[in-house]
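Fold and contact review
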Amino acid sequence: MSGVSLPITMADTQPSRLPTALRHAISRPALALGLLFAWILSLPLAGPLLLRAQPPGLGPLSAAEAYTLAHTLTLLTAGLALGRLPTAWATRLGAVTAPLALSLAVLPVTWWAPLLVAVGITSASGVLAVGQALAALPAPARPWSIAAGAFLANLAYMAVLLLHGPVIDRVLVGALALGPLALPWLVTGHDEQLHGQPSVPWHTLLPLLPAVFSVYLVGGLMYALVLPTLGPIGTRLGAIPYLVFLPVAAWIATRGRSRAARLGPGMLGLGYVGWALLNGPLQDILAQTLIVGSYAFLDVTFWTTFADHAARHRRILGLGLGTMTSAIFLGMLLAEPIATLAAGREMNAALLAAAVLLLAAITFPALWPELAMTPGATPPATSGHPQSPAVPQMPPEQPTPSVSAQALPFPPAMLVTLDHAGLTSREVQILELAAQGLSNKEIAHQLGLSLGTVRKHLENSYRKLGARSRVEALNRLAQLRREAEAPTSKLPASRLPGATSQATRSVVPPSVTPQLPAPQEEEHRTEDNT
C-alpha cells in the first residue's frame, strides 16, 4: 500500500479514545489486510520478488501489468455487476490465492505470467473480503485497522528488499503466499453487519472516483520520474516515512476524514515542489519524506472512506478499489513514455504535477460533502459541514417505536447528559452494545468481562437512567438522543434520576450504529438479557 494502494466514506467522526473492545476489533481485519498485502506488494504488484525473478510477459503486457489488469477488472466487475460479494464466497476465493501463489515458489519463472492472471482474480476477492471486514468495524476503528495492516504489509516489503538471493527469494515467495490462506479465519461473519442499511444510489459518489484516479495516476507517474534522481540518502529512506506517518494519518482520520483527505495530495504536491526547487541532500530528504509519507494519508483516507460507505453503497468497495488499481495499471503503461517525453524538462513536469495535486487538496472537501456527514445522515444540499440527522419528533406520552431510524452515534450534548447522569464510560460502552441487540453473554465475550460484571453494569445503568428493564433503558436513550439533537433542546442534568454535580468525565462515544430492539420483544427475552 505504500505508493501503490487500493482504496474510502463517511463522515467526519468525533475524536475519541479507542477502548479495549475497539482494539480487539481492529486486530483481525488489520492482520488480514497486512498478510494479504505483504504478498501483493512484495510480488505481483511490481514488487522486488517479481523484478528480481524477471519472468517473461504475457503478450504486450509485463507480468506485473497482466496481474494488475486482471485484479482491476475483477474489482470493477464485482462493483458494477455484483454490488457486494457474500463474505463467505469472497474469503474462500481469496484463500484460493494461497495454493496458486505457492506454485510460483516451485515452478519456473516462464510459467509465472499466466498464473499471475489467475491470482489477480482470486486476490481481488480477498481484497473485497478485507474491505467488507473493515466496513463492519466501528467507524473510529477503521483508520487504525487500515494503518496497522499497511504497517505490517510494508514491514514485510522492506524485509524482502533487504533479504535476497536465488534460494532466499524462492523461500520468501512461498512464505508470503501463506498469508491469503488465513483469510477465512480472519474475515468471516460480516454480512449481517453490512445488511439492513438503506441502499443509496452509488452514483452519488461518482465525483470521488475520478478524483482518486487522478491523484494516484499523477502522483505515481511523477514519482517514476523522481525516483531515479534520488541520491543515497533518499534511497535509504525508502518506505520509512510511510511507516512513520501511518499512525498520524489514522489519528487525523478519526477526527475528520476530510482533514486527512486534504493532507495526502497536499504533501504529495509540496514534495514535488521541493524536489524541483532544491538541490543536494535536502532535496532527497524532503522529496522522499513528503512524497512517500503522503501515501500514508492517501491510503488510510481512501480505504477508510470506502469502508465507511460500504454498508449503504453496495458497489463502492469494488468500484473504489478498482479505480485505484486502474490508476496504478495505467501508470505502469505510461511511466516509460512519460519519462521519455519529460526528458530534460523534469522540473516543469514536477511543478505541473504539484499544481494539480495542490488543487486537488483544496477541492477535495467540496467534492464529497458526505465526508463531513455523520453516519446515516442525508447529504447536505449546499455545505459540507456536519449536520444532525432528521429524527421524527414524537409526543413524549407516545410509546417509543423501534428506533432503528434513530440508530446513530450519540451526539455530544447527549454524552454530556449521560455523564451528568453518573454513567461511567464502561456503562456507556455496555449500553452501546446492548443497543445493537447483543445479549449479556455476547457483550461479556466481546469486552472480556464476566457475565456477572456485565449484569452489574447494566443494573447500575438502569438505576441511573430511572429505567426498570433493558428495553426501557434503551428507549430512554432514544428519547435523550432526540432531545439532544433538537436544535433548541437544553436537557438539564436535574431531569435525570441519579444526577450528580461531579465534573464532566471522558465518556467514550459509541463506535457503532446501535440497533435498538422494539419494546414488544421484551417478553421474549431470556433471563440472560436481564
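Residues numbered from 1 in each chain as written. Predicted model: local features only at pLDDT ≥ 70, side-chain atom pairs only at ≥ 80, totals over all residues. Heavy atoms only, no water.

Structural notes on the overall build of the chain
Secondary structure summary: the chain contains 22 helices and zero strands in total. Within the span of the chain, comprising 530 residues, buried residues form 55% of the whole. Carbon and sulfur atoms form 66% of the exposed surface of the chain, whose accessible area is close to 21900 Å². (Helix = DSSP H or I, 4+ residues; strand = E, 2+ residues; numbered from the N terminus. Buried < 20%, exposed > 50% of the residue type's maximum accessible area, 1.4 Å probe, protein only. Areas by Shrake-Rupley, 256 points an atom, 1.4 Å probe, with all protein chains shown as cover.)

Side note on the packing of aromatic side chains
Enumeration over the complete set of coordinates arrives at five aromatic pairs. With a centroid separation of 5.8 Å and 50° between ring planes, the pair formed by Phe245 and Phe297 is classed as tilted. Of this pair, Phe245 sits in helix H13 (residues 240-255) while Phe297 sits in helix H15 (residues 280-309), and the two are 52 residues apart along the sequence. (Phe/Tyr/Trp six-rings, centres within 6.5 Å; stacked < 30°, edge-to-face > 60°.)

Some points on the nonpolar core
Counting residues in hydrophobic clusters, the biggest one holds 107 residues, and the most contacted among them are Trp39 and Tyr272. The residues contacting Tyr272, other than those within four sequence positions of it, are Gly219, Met222, Tyr223, Val226, Ile291, Ala350, Ala353, Ala354 and Leu357. Judged by nonpolar contacts, the second largest core, of 20 residues, contains Leu431, Ala435, Leu465 and Ala473. (Core = buried A, V, L, I, M, F, W, Y, C linked by side-chain atoms within 4.5 Å. Contact = heavy atoms within 4.5 Å.)

Remarks on the packing of helix H20 (residues 440-447) against helix H21 (residues 451-465)
Interaxial distance between H20 and H21 falls to 9 Å at its minimum, and their mutual angle equals 110°. Considered as vectors, H20 and H21 are oriented roughly perpendicular to each other. Judged by the sense of rotation from one axis to the other, the crossing of H20 with H21 is right-handed. Residues Asn440, Lys441, Ile443 and Ala444 of H20 lie in contact with H21, whose contacting residues are Leu451, Val454, Arg455 and Leu458. Its residues placed into classes, the contact of H20 with H21 shows five nonpolar, one polar and two charged. (Axes fitted to C-alpha atoms, helices over the stretch in contact; angles between N-to-C directions. Parallel < 35°, antiparallel > 145°, perpendicular 65-115°, else oblique. Left-handed = near helix turned anticlockwise from the far one by under 90°. Nonpolar A, V, L, I, M, F, W, Y, C, P; charged D, E, K, R; others polar.)

Side note on the environment of Gly59
One can find Gly59 in the loop between helix H2 (48-53) and helix H3 (63-82). For Gly59, a relative accessible area of 69% gives the class exposed. Put simply, Gly59 and Ala113 are 54 residues apart on the chain and 9.7 Å apart in space, counted from C-alpha to C-alpha.

Details of the pattern of salt bridges
Opposite charge on two side chains lets them pair, provided their charged atoms get close. Here the structure, examined in full by the defined rule, presents four salt bridges. With a shortest N-O distance of 2.9 Å, Asp169 and Arg52 are connected by a salt bridge. One end of the pair, Asp169, is in helix H8 (residues 166-177); the other, Arg52, is in helix H2, and 117 residues separate them in sequence. According to the relative accessible area criterion, Asp169 is buried, its value standing at 13%. A salt bridge links Asp308 to Arg257; the nearest nitrogen and oxygen atoms lie 2.7 Å apart. With Asp308 in helix H15 and Arg257 in helix H14 (residues 257-277), this residue pair connects regions lying 51 residues apart in the sequence. Overall, Asp308 belongs to the buried group, its relative accessible area being 5%. Arg257 gets classed as buried once you look at its relative accessible area, which sits at 0%. Through salt bridges with shared partners, a single network forms among Arg142, Arg257 and Asp308. (Salt bridge = Lys/Arg side-chain N within 4 Å of Asp/Glu carboxyl O.)

Focus: H21
For an α-helix the count is 3.6 residues per turn, leaving residues at separations of three or four pointing the same way. Between its first and last C-alpha, H21 extends 21 Å over 15 residues, near the 21 Å set by a 1.5 Å rise per residue. Every buried residue of H21 is accounted for by Val454, His457, Leu458, Asn460, Ser461, Tyr462, Lys464 and Leu465. Looking one or two places after H21, you find Gly466, whose phi comes out positive at around 70°. (Expected span 1.5 Å × (residues − 1).)

Here we look at the environment of Val218
Tracing the sequence through the fold places Val218 in helix H11 (residues 208-226). For Val218, a relative accessible area of 23% corresponds to the partly exposed category. Along the sequence, Val218 and Gly331 sit 113 residues apart, while their C-alpha atoms lie 8.2 Å from each other. Not counting residues up to four positions away in its chain, the partners in contact with Val218 are Ala353, Val356 and Leu357.

Description of a nonpolar patch on the surface
A surface patch of nonpolar side chains, about 410 Å² in accessible area, is lined by Leu102, Leu178, Leu181 and Trp185. When you line up the elements, Trp185 lands in helix H9 (residues 183-186). (Patch = residues over 30% accessible without salt bridge, like charges linked within 9 Å, V, L, I, M, F, W, Y side chains within 5 Å.)

Comments concerning the packing of helix H19 (residues 425-435) against H20
Between H19 and H20, the shortest axis-to-axis distance is 10 Å and the interhelical angle comes to 125°. Classified by the angle their axes make, H19 and H20 are oblique. The two elements H19 and H20 meet at a crossing, and its hand is right-handed. Contact residues: H19 offers Arg426, Gln429, Ile430, Leu433 and Ala434, while H20 offers Ile443, Gln446 and Leu447.

Quick notes on helix H16 (residues 316-341)
For H16, spanning 26 residues, the distance from its first C-alpha to its last is 35 Å, which sits close to the expected 38 Å at 1.5 Å a residue. Of all the bends in H16, the greatest, near 45°, is centred on Leu334, and the proline Pro337 appears no more than four residues after it. (Bend = angle between axes of the 7 residues up to and from the residue.)

A word on unusual backbone geometry
Even without being glycine, Ala46 reaches a positive phi, approximately 55°. Here Ala46 lies in the loop between helix H1 (20-42) and H2. A relative accessible area of 33% means that Ala46 is categorised as partly exposed. With phi around 50°, Gln54 is a residue other than glycine that occupies positive phi space. Within the secondary structure, Gln54 sits in the loop between H2 and H3. Take Gln54: its relative accessible area is 64%, and that puts it in the exposed class.

None of this, on its own, says anything about what the molecule does.
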